[in-house]
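# Coordinates in review
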Amino acid sequence: MLKVGGHSDAIIHKYSDFVSFPIYLGDETKAINRQQAIWRLPASEVTDEAANEYYKQLTYDFTDPMTRIQVNTDVPVQIRALLFIPAKLDRGLFSVKQDFGLRLYSHQIRIQDHYKELLPNYLRFIEGVVDSDDIPLNVSRESVQSSPFMARIKKVLTGRVLGALAKMADKEPEQYDAFWREFGAFIKEGVINEYGDQEKLTPLLRFHSSKGDDRLVSFNDYIGRVDPAQKTIYYIVGDDLSTLRRSPHLDAFHAQDIEVLYFTDPLDGFLPSSLREYEGFNFQNVADAGLELPKQDDEEAKSDQDAMPEAEWAALVERFKTQLGDKIVDVRRSDLLVEHPARLVAPAGSPGSEMDRVRRLMDEHYEIPKKILELNPRHPIVTNLASLISTGDQDELVNVSIEQIYENGLLLEGLHPNPADMVEHIQ
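What comes next concerns the included structure. (Residues numbered from 1 in each chain as written. Predicted model: local features only at pLDDT ≥ 70, side-chain atom pairs only at ≥ 80, totals over all residues. Heavy atoms only, no water.)

## What about the overall build of the chain?
Tallying secondary structure elements over the chain gives 16 helices and 15 strands in all. Taking the intrachain contacts of the chain between residues at least 6 apart in sequence as the baseline, contacts between residues at least 24 apart amount to 66%. If you sum the accessible surface of the chain, you get close to 22200 Å²; carbon and sulfur atoms cover 49% of it. (Helix = DSSP H or I, 4+ residues; strand = E, 2+ residues; numbered from the N terminus. Contact = heavy atoms within 4.5 Å. Areas by Shrake-Rupley, 256 points an atom, 1.4 Å probe, with all protein chains shown as cover.)

## Comments concerning the packing of aromatic side chains
All chains considered together, the criterion is met by 16 aromatic pairs. Taken together, a centroid distance of 5.0 Å and an interplanar angle of 65° make the contact between Y234 and F253 edge-to-face. With Y234 in strand β9 (residues 232-237) and F253 in helix α9 (residues 251-255), this residue pair connects regions lying 19 residues apart in the sequence. In this structure an aromatic cluster arises from ring pairing among F207, F219, Y235, F263, Y278 and F283. Of note, K116 hangs over the ring of F100, and the distance from its end group to the ring centre comes to 5.0 Å. (Phe/Tyr/Trp six-rings, centres within 6.5 Å; stacked < 30°, edge-to-face > 60°. Lys NZ or Arg CZ within 6 Å of the ring centre and 35° of its normal.)

## Some remarks on the pairing of strand β4 (residues 79-85)
Counted residue by residue, β4 has seven buried out of seven residues, so it is predominantly covered. Both faces of β4 are covered, namely the face carrying I79, A81, L83 and I85 and the face carrying R80, L82 and F84. The sheet contact formed by strand β3 (residues 67-73) and β4 spans seven bridges and is antiparallel. In the sheet register, R68 faces β4, and the bridge partner there is F84. (Buried < 20%, exposed > 50% of the residue type's maximum accessible area, 1.4 Å probe, protein only. Pairing = 2+ DSSP bridges.)

## Some thoughts on the environment of D74
Note that D74 resides in the loop between β3 and β4. Sequence separation of D74 and S132 is 58 residues, and the distance between their C-alpha atoms is 9.3 Å.

## Some remarks on the sheet that holds strand β7 (residues 127-131)
Pairing within the open sheet is mixed, and its five strands lie in the order β3-β4-β7-β5-β6. The open sheet has two edge strands with one neighbour each: β3 and β6 (109-115). Strand-to-strand twist of the sheet, defined as the mean angle between neighbouring strand axes without regard to direction, takes the value 10°. Two elements, β4 and β7, share five bridges in a ladder whose sense is antiparallel. Within β7, the residue paired with F84 across the bridge is E127. (Axes fitted to C-alpha atoms, helices over the stretch in contact; angles between N-to-C directions.)

Structural data, given as structure tokens:
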């Protein structure tokens, strides 16, 4: 039993609410502190109702958390922790959360709120409390931060959180999809910035794909259904799903029934360079200029049958180069296009479409990168233009058509600076 002077009980509630002995204020006969710390109870004794009520008191969030993770361990360091994954990242207008970090206790006495060193930065959406008797009470906060115990606690907690997410992804895929839609960007951030955690984080990544409708797929889902001869994970970068699904870069992949992952988040562009490979599979952007896919027998026969006369093709290419000038690097033939007349690809050695999008979002003085224009020599628009050029008819129509083909490519790449300018050409 401990009696304290006549100061406000708010200090007791803030720092000593959960010490194991009662604290009385002045001559009061009723203990001020609650004594029982929910995170110190065995997990089997913590009900959903009690845990959710504590979460709401801790966070001022009116919604129950998505899930909770309880840690009771004595090796390699003594830890009693109760962690929560919120149901939503944005908790509405009345959210009072101003900072992130866990609440840190030692011997059930609060040391610090918003303690950021207990989890890696990419898990900053986690809420909760951590208590350890291994943390000495008679040291400064700076000494606590440099204590070797803190590194051990961080390692244990990170492992438990990632293990819980992996279990959710495996056993409760619908709940994990809900988690991903709220907090997926944080997992991507971890893959990019925390090399030591990549092995555990990468299987947690999710993407839409050309075979998934609105379903999210993992890298393991992808490589589990590819042809055994395929050792590449193909992806495409863009602003939104509706645009990517119409991309000319997908023509050959649709024709050969090869799955492509859709990268629509600005962070996605950093993933291939951060990961390099996954389970022996390399990453390749389908918009790469050097992309090569195995030709099918009927494709080679059709290519030979529908080949445009060399002189006609040379005149077409020259006209495109003259009309577009320094807007492009080159004009060339494409054997990967099927349904579309043209596509824009990055020249060899350039940063590529991954970085194009990042620079466009971050640089207010962004300039349209110069690309290679690839033409489909079998598409009716291209063959008709070639015929008009060879006869010298309708020069004005040919010129505006060439400009329109180029601007269509910019639009599909998400690079057009002002799509409204296209209206005049279309009309």
